[in-house]
Amino acid sequence: MKQKIILFIAVISGLLAVFLSATIIARKKAALEEERLKLNQREMISVVVLRESRPAGSRIQESLLAKKSFPAEAISRRAIIVTKENQELIIARLTGRILTAGVEKGKPMMWNDIQGGSVEDGGLASSLRSRMRALSISVSGAASVSNMVRPSDRVDVLGTFTLPSKTIAGETELVTLTILQNVVVLATGQETTETYNGIASNYGLVTLEVTPSEAEVLTFAEQMRGRLTLTLRSPTDTSYESSLPSVNFEEVRSKLEEMNRERQNKKR
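Note that the coordinates shown come from a computational prediction; the quantities given were computed from them, not determined experimentally.

A.B. asks: Honestly, the side chain of R150 in this entry has me stumped. Any pointers?
C.D. replies: Of note, R150 is situated in the loop between β3 (133–138) and β4 (154–164). Of the side chains with opposite charge, E191 comes closest to the buried, unpaired R150, at an N-O distance of 4.2 Å. For R150, the side chain forms a polar contact with the main-chain oxygen of N147, separated by 3.0 Å.

A.B. asks: Would you mind going over unusual backbone geometry with me for this structure?
C.D. replies: Most peptide bonds are trans, and most residues other than glycine sit at a negative phi. For N147, which is not glycine, the phi dihedral falls at a positive 60°. Inspection of the secondary structure assignment puts N147 in the loop between β3 and β4. The phi dihedral of N182 is positive, around 55°, even though this residue is not glycine. If you trace the backbone, N182 turns up in strand β5 (residues 172–188). Among the residues examined, N182 registers a relative accessible area of 22% and is labelled partly exposed.

A.B. asks: Help me understand the pattern of salt bridges, please; the structure alone is not making it clear to me.
C.D. replies: Proximity of charged atoms lets side chains of opposite charge pair with each other. Counted according to the given criterion, the structure contains five salt bridges. One salt bridge connects E104 with K107, and the closest N-O pair in it is separated by 3.3 Å. Under the relative-accessibility criterion, K107 is labelled partly exposed at 43%. For D156, the salt bridge identified is with R233, shortest N-O distance 2.7 Å. Separated by 77 residues along the polypeptide, D156 in strand β4 and R233 in the loop between β8 (227–232) and α5 (249–267) bring together distant segments of the chain. Look at D156 and you get buried, because its relative accessible area is 13%. Note on R233: relative accessible area 11%, which makes it buried. Shared partners join several salt bridges into a network, and the residues in it are D156, R233 and D237.

Definitions and limits used
Each chain has its residues counted from 1, following the order in which its sequence is written. Whole-chain, interface and lining totals are the exception, using all residues; otherwise, since this is a predicted model, local features are given only for residues with pLDDT of at least 70 and side-chain atom pairs are given and counted only at 80 or more. Side-chain numbers come from the whole structure's heavy atoms, not from hydrogens or water. Secondary structure elements are taken from DSSP: a helix is a run of H or I of four residues or more, a strand is a run of E of two residues or more, and numbering for both begins at the N terminus. The classification of residues rests on relative accessible area computed with a 1.4 Å probe and restricted to protein chains. Under 20% of the type maximum is buried, over 50% is exposed, and intermediate values are partly exposed. A residue counts as positive if it is Lys or Arg and as negative if it is Asp or Glu; His and the chain ends are not included. Salt bridge, as applied in this entry: a Lys or Arg side-chain nitrogen positioned within 4 Å of an Asp or Glu carboxyl oxygen. Under this definition, polar contacts are N or O atom pairs within 3.5 Å; protein pairs additionally need one hydrogen-donor-capable and one acceptor-capable atom, and for neighbouring residues in sequence, both atoms have to be side-chain atoms.

Here it is as C-alpha cells:
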C-alpha cells in the first residue's frame, strides 16, 4: 500500500512538473510573440550611413553614401534622415563635404559629423553646394502650382514680361519665356527639406539654388516687374529643352493647332 502511495505521489509530481513546464514555456512564447509584434510595429526611419568606415578629414564621395533603416527611438535627432522626397537633395548636399569626426561603416551619420553641420545648425548657407547661391523669389499660390511646390522639388522658372513690340513701333506686348530649367528648391517660405513636416502651407517666397549668373538673371527679371511662374518637374526628369521659343500672342495663335496635335499623338 505504501508503495502505491509513493508511486501515486511520483506520478502526480511528474504531471505537475510537466504542467508547470508547459505553463512556463507558453508564457515565454507569449512574451516572445508580444515582443516580436512590438518590433514589427516600431516606426522605422531611414538615415544616411557609409558603405565603408572613414576617419575625420575624409571627403565624402557619393559612392560611399547609402541608407539604412533603424527604429525611430534609436535614432538621434541629429541623424541625417532620408526620405523618398529628399534623397536626391541630401546626396547632393553631402557629396564633397568634409568629415569632422570618424564615421563607422553602417552607423547613422550625424549632421555634426560634417563640416558646416545641418541647415538647422549653420543656416541655409551650410546646405548650398560649392559655387551655388540661394535666391528667394516672390510667387503667388497659382504661380507655385497652388503652393504644392515643396523643398527638394525641381522646377522650371518662367517669366512673363511687357516688352516693346517687335512688329508695331511704339507698342508693347506680353512675352512669356522659360528663364531657367531644372532648378532645385531649397525652401518654401521658412520650410527647408529638414524642417518640412509634410503638411501643405501657404507661402509667398520660394528659395532656389542657382549659380551667380542665374541669380543676376532672376533679380533682373523681378526688377522688370515681370510675373515669375514655377512649373513642377518629375524628380526623375533631368532633361533640358534647347529650343523653347519666346511666346507672344502671335506665337500662341500660330502654334495652337500644332501643339494640340502633338499632345493627341502622345496619348496614343
